[in-house]
Amino acid sequence: MAGLKVVEFTQGMAGPWIGRMLAWCGAEVIRIESHQVPGVVRLYIPPRSVERVIEPEMSPWFTDWDAGKLFVALNLKTAGGTDLALKLVGRSDVVVENNRFGVMDNLGLGWETLHASNEKLIAISSSGFGDTGVHPGYVSWGPNIEAMSGMAWLGGFPEAEGAMTQYAYPDSLSALHGLFAVLCALEHREQTGQGQRISLSQLETTVAMIGPEMMDQMAHQQPPPRMGNRSSYRAPQGCYRCAGEDQHCVVSVATQHEWAALCQVIGRPTWADDPRFANSDARQAEADAIDAAIGEWTLGLSPQNAVESLQAAGVPAGVVQNTEDQYMRDPHLAERGYFETIPHLKRGEVVAPGIPLGLQGTPGHTTRAGAAMGEDNESVFRELLDLSADEYDAYVEAGAIELPASTA
Amino acid sequence: MIGASQSALSKRRVLEIADASGAYCGKLLADMGADVIKLEAPGGAPERSIPPFLEGVPGDDRSLHFLYMNTSKRGITLDIHHPEGRALFRELAKTADLIVETLPVGYLEALGIGFPTLSAENPELVLTSITGFGQNGPRASWKSSDLVAGAVGGPLFVTGDAEAPPVALAGEQNFLMASTCAASSSLIALLSARRTGRGQHVDISLQETTLAVSHISGVGKWLDDGIIPRRVGTALTASVPSGAYPCQDGRIYLMVNRPAHWQALAQWIHEETGNEEVLDPLFEGPSSKRIEYRELLDLFISELTALYTVEAIFHEGQRRHIAFTPLQTTAETAADPHLAARDYFIEVDHPKTGKLRYPGAPFRPEITPWKISRPAPGVGQHNDEIFSQELGISDSQLRSLADAGVI
């Protein structure tokens, strides 16, 4: 995406991840921050540091969602701040913002104003509830949206009361949909020269992720079943304890061939032709007995060994991996070079999760991490916006441009 | 060029050979106006047998899963294992901008229709492959599923109650995220192909898309602090407070991330319960300052939430700019007044099943709206339209292809 220019008025993760991925693809992404509202992912206290102070450039979350961007700091409550923001928007292709509904309008940076400064602009506004309806302005973080969507209630084991992710899933799913929406708008602009605004309600994107289940609910006026780790069309399927503390693997069988292979591996060869387990529906009905047999076999093995045996026999299976497993004990991820080592302005280098876009012909990379708030003020305003030294100083003097904390 | 119903992707043609792991990619593209042609094996795709079914009764056009994942697409049947089927596929591939496929690694290549062949006949073609572990690496041939992706990608380890085994989310979320990444990657590759004249092979790995989506407690933080997040029910390890709290008539979800939000919450707890301790400056600042006091703070918060109904604390909490939201059932989400006011759920008419309600737009572009332009296709519904009218195959040829089981 070299040549594409993006400006972000973002917070958290649902907005910033869009810019992070575009920057990885070569776009110039400028994130506008303000000392009045420091980004939450910068609010990081290194757990090992004795003095426990916030070190905003060191936050790994900040690397994960914001590496590769240029950082300027503006006080958008000053006329000069809005003026410079609009100048940046004027020379850009895409604006990403995920502030609470109404915030951009209050800052004098609503869509009409942005569009007036740039007719070909594509702007995405991502918020919890969208910009119309009963309560567009309500506060939400990803987990709040997960709770409201029905997804949390429907997840987990049948006897439980739902399941929540620990990773603010609506943030990442909204970012991925937001990126797609922006790319669709770019495609349209290439045909017509026309920009447009996209509004994304994270609640609506999240409900779309349980589409078949919601259709079931609405067509039949009753809730779909909670499945736990089982599947309505693969049997057996489950998560099984292995040797060691909190060690598990999963097994997920779809075909008769896989079933026969599983029976061999777990030492139940006679089950392969047993009429009780003749097809997926039959195995579904006998799931408890089958799960017990698989669990008996896995309990004596490390999850790695169990999964190696199963996959070697052609049975879909996987180790329930944590971060350490993925980084230290997954030769496949290592060989594919999934994790990315990024130059860091303060630490030398850091490791971050890869950007999973899989563009083999035009692979991207992340240029740097660890920028301070306002790190790139001078290069952006002096070089990209062509401000003279005097003009720049005047904006600083007026409090419109905020200097990085260390030089302030 | 001005009009209310322009489509963003109307210039793009997509061929889809995808199971449940990739069908949502085609849906995203089709609902934004691309001409997505879904290829099924003669007789119909196995995904037509995925529950839930309308009224619980199976049938080619009764899987709600299939109906949802395949909106706005056209459908043809074609056996690519048959030489004549492959020839037709190559003709179609010449007319396409993008192919989305979820076959095992090397499968198309073994049939003689891999990326190099297709690319030689159509240099700008983009081929997007979605597989469990990606196109290369020692596990490229391993089998996967939504649950396997959730295991190797990381979500399972951290999801569920502390004392229970790991557990999956509702729906096939790992398939959906791989599909969404695939749709974006495909468009990036297409934009690039228009400039350079060269398409490319896009390699989407279910493991990697799952890992990326769930990486909030990932490698960078672990290398920094050595903390492996474990299952903690409805809370987030890194955010305190967070989780579901008991009200008079159910549970309310609460998340506090900003120092100012904590101050507002502490003040409110103090006002309503007389608690002095909650105002201690020790608890102020970012979440990481409160991590070691999680259980104590949960107790304080429960004393407040117990005074309210879910509905009352939702709105009173929000009035105070604190992120309280209900944990809704699917029935409550279906009846949610905010979603209703935004006309979120839509009705789609299907010739076989009649009108059904669907979740609507996942985002709302102003000029090129998201739109379900047609319901999911029936088995081979567009064979005539595409093979005869568009590829110019004669009726007699078409009949003999059908007789031979090619279409």
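Here the structure is a predicted model, which is why all the values come from computation and not from measurement. (Residues numbered from 1 in each chain as written. Chains lettered and ligands numbered in written order. Predicted model: local features only at pLDDT ≥ 70, side-chain atom pairs only at ≥ 80, totals over all residues. Heavy atoms only, no water.)

With respect to the overall build of chain A
(1) Moving on: Along the backbone of chain A there are 18 helices and 11 strands.
(2) Moving on: The proportion of buried residues among the 408 residues of chain A is 64%.
(3) Moving on: Sequence separation of 24 or more characterises 68% of the internal contacts of chain A that already satisfy a separation of 6 or more.
(4) Moving on: Of the roughly 14,200 Å² of accessible surface on chain A, a fraction of 51% belongs to carbon and sulfur atoms. (Helix = DSSP H or I, 4+ residues; strand = E, 2+ residues; numbered from the N terminus. Buried < 20%, exposed > 50% of the residue type's maximum accessible area, 1.4 Å probe, protein only. Contact = heavy atoms within 4.5 Å. Areas by Shrake-Rupley, 256 points an atom, 1.4 Å probe, with all protein chains shown as cover.)

Describing the sheet that holds strand β9 (residues 317–319) of chain A
(1) Moving on: With respect to topology, three strands assemble into an open sheet ordered β7-β8-β9 (chain A), the strand pairing being antiparallel. What marks the edges here is a single partner per strand, and that holds for β7 (237–241) and β9 of chain A. Within the sheet, the average angular offset between the axes of one strand and its neighbour, ignoring direction, is 20°.
(2) Moving on: Each of β7 and β8 (248–252) of chain A is contacted by helix α13 (residues 287–298) of chain A, which is oriented at about 35° to β7(A), the strand it contacts most.
(3) Moving on: Relative to the sheet, helix α6 (residues 146–153) of chain B contacts β7, β8 and β9 of chain A, its axis offset from that of β9(A) by approximately 20°. (Pairing = 2+ DSSP bridges. Axes fitted to C-alpha atoms, helices over the stretch in contact; angles between N-to-C directions.)

Some thoughts on the environment of Leu203(A)
(1) Moving on: Tracing the backbone shows Leu203(A) in helix α9 (residues 202–208).
(2) Moving on: For the pair Leu203(A) and Ser174(A), spaced 29 residues apart in the sequence, the C-alpha separation amounts to 8.9 Å.
(3) Moving on: Setting aside anything within four residues of it in sequence, one finds Leu203(A) in contact with Gly128(A), Phe129(A), Ile145(A), Met148(A), Ser149(A) and Leu339(B).

Observations concerning the domain arrangement of chain A
(1) Moving on: Domain boundaries assigned for chain A yield domain 1 (5–209 + 338–397) and domain 2 (237–241 + 248–319).
(2) Moving on: Using C-alpha coordinates to define each centre, domain 1 of chain A is positioned 44 Å away from domain 2 of chain A. (Domains from an automatic or database assignment.)

With respect to the state of the cysteines
(1) Moving on: Applying the stated criterion to the full structure yields zero disulfides over all chains.
(2) Moving on: Free of any disulfide, Cys184(A) has its nearest neighbouring cysteine sulfur in Cys25(B), separated by 11 Å. (Disulfide = S-S within 2.5 Å.)

Notes on the interface of chain A and chain B
(1) Moving on: If you look at the interface, chain A gives 147 residues, while chain B gives 158 residues.
(2) Moving on: Both sides of the chain A and chain B interface together cover about 13,400 Å² of buried area, and 63% of this is carbon and sulfur.
(3) Moving on: A salt bridge links Asp131(A) to Arg342(B); its shortest N-O distance comes to 3.9 Å.
(4) Moving on: With 16 residues, helix α8 (residues 169–192) of chain A is the single largest residue contributor to the side of chain A that touches chain B.
(5) Moving on: Each residue belonging to the side of chain A that touches chain B can be placed in one class, and the counts come to 79 nonpolar, 47 polar and 21 charged. (Buried area = accessible area lost by both parts, 1.4 Å probe. Salt bridge = Lys/Arg side-chain N within 4 Å of Asp/Glu carboxyl O. Nonpolar A, V, L, I, M, F, W, Y, C, P; charged D, E, K, R; others polar.)

Quick look at the packing of aromatic side chains
(1) Moving on: One pass over the full model with this rule turns up 18 aromatic pairs over all chains.
(2) Moving on: On the numbers, 5.2 Å between centres and 70° between planes, the contact of Phe283(B) with Tyr293(B) is edge-to-face. Taken together, the residues Phe283(B) in the loop between α11 (259–273) and α12 (294–305) and Tyr293(B) in the loop between α11 and α12 connect sequence positions 10 residues apart.
(3) Moving on: Arranged with centres 4.9 Å apart and planes meeting at 65°, the rings of Tyr344(B) and Phe345(B) form a pair that is edge-to-face.
(4) Moving on: For Tyr344(B), a relative accessible area of 1% gives the class buried.
(5) Moving on: A network of ring pairs unites the aromatic residues Tyr327(A), Tyr338(A), Phe339(A) and Trp222(B) as a single cluster.
(6) Moving on: For the cation-ring pair, Arg42(A) lies above Phe62(A), with the distance from its terminal atom to the ring centre recorded as 3.9 Å. (Phe/Tyr/Trp six-rings, centres within 6.5 Å; stacked < 30°, edge-to-face > 60°. Lys NZ or Arg CZ within 6 Å of the ring centre and 35° of its normal.)

Brief notes about the sheet that holds strand β1 (residues 13–17) of chain B
Residue and element names in this part refer to chain B.
(1) Moving on: Sheet architecture is open: six strands sit in the order β3-β2-β1-β4-β5-β6, paired in parallel fashion. Here the strands that pair on one side only, and so sit at the sheet edges, are β3 (74–77) and β6 (201–205). In this sheet, neighbouring strand axes are inclined to one another by 20° on average, regardless of whether the strands run parallel or antiparallel.
(2) Moving on: By the bridge criterion, five bridges tie strand β5 (residues 126–131) to β6 in an arrangement that is parallel.

Describing a negative patch on the surface
Residues and elements named next belong to chain A.
(1) Moving on: Residues Glu 378, Glu 383, Asp 390, Glu 391, Asp 393 and Glu 397 make up a contiguous surface patch of negative charge.
(2) Moving on: Per element, the largest residue contribution to the negative patch is four residues, and it comes from helix α18 (residues 389–397).
(3) Moving on: Considering the arrangement of structural elements, one finds Asp 390 in helix α18. (Patch = residues over 30% accessible without salt bridge, like charges linked within 9 Å, V, L, I, M, F, W, Y side chains within 5 Å. Lys, Arg positive; Asp, Glu negative; His and termini not counted. Charge placed at Lys NZ, Arg CZ, Asp CG, Glu CD.)

Points about the pairing of strand β2 (residues 28–33) of chain A
All names here are of chain A.
(1) Moving on: Across the six residues that make up β2, a large majority, six, are buried.
(2) Moving on: Neither face of β2 is open: one carries Glu 28, Ile 30 and Ile 32, the other Val 29, Arg 31 and Glu 33, and all of them are buried.
(3) Moving on: Where strand β1 (residues 5–9) and β2 come together, four bridges link them in parallel fashion. Considered in β2, the bridge of Lys 5 is made with Glu 28.
(4) Moving on: The β-α-β motif built from β1, the intervening helix α1 (residues 16–24) and the parallel element β2 has right-handed crossover chirality.
(5) Moving on: Two elements, β2 and strand β3 (residues 70–73), share four bridges in a ladder whose sense is parallel. Counterpart to Ile 32 in the pairing with β3 is Val 72. (Right-handed = clockwise from strand over helix to strand, strands pointing away.)

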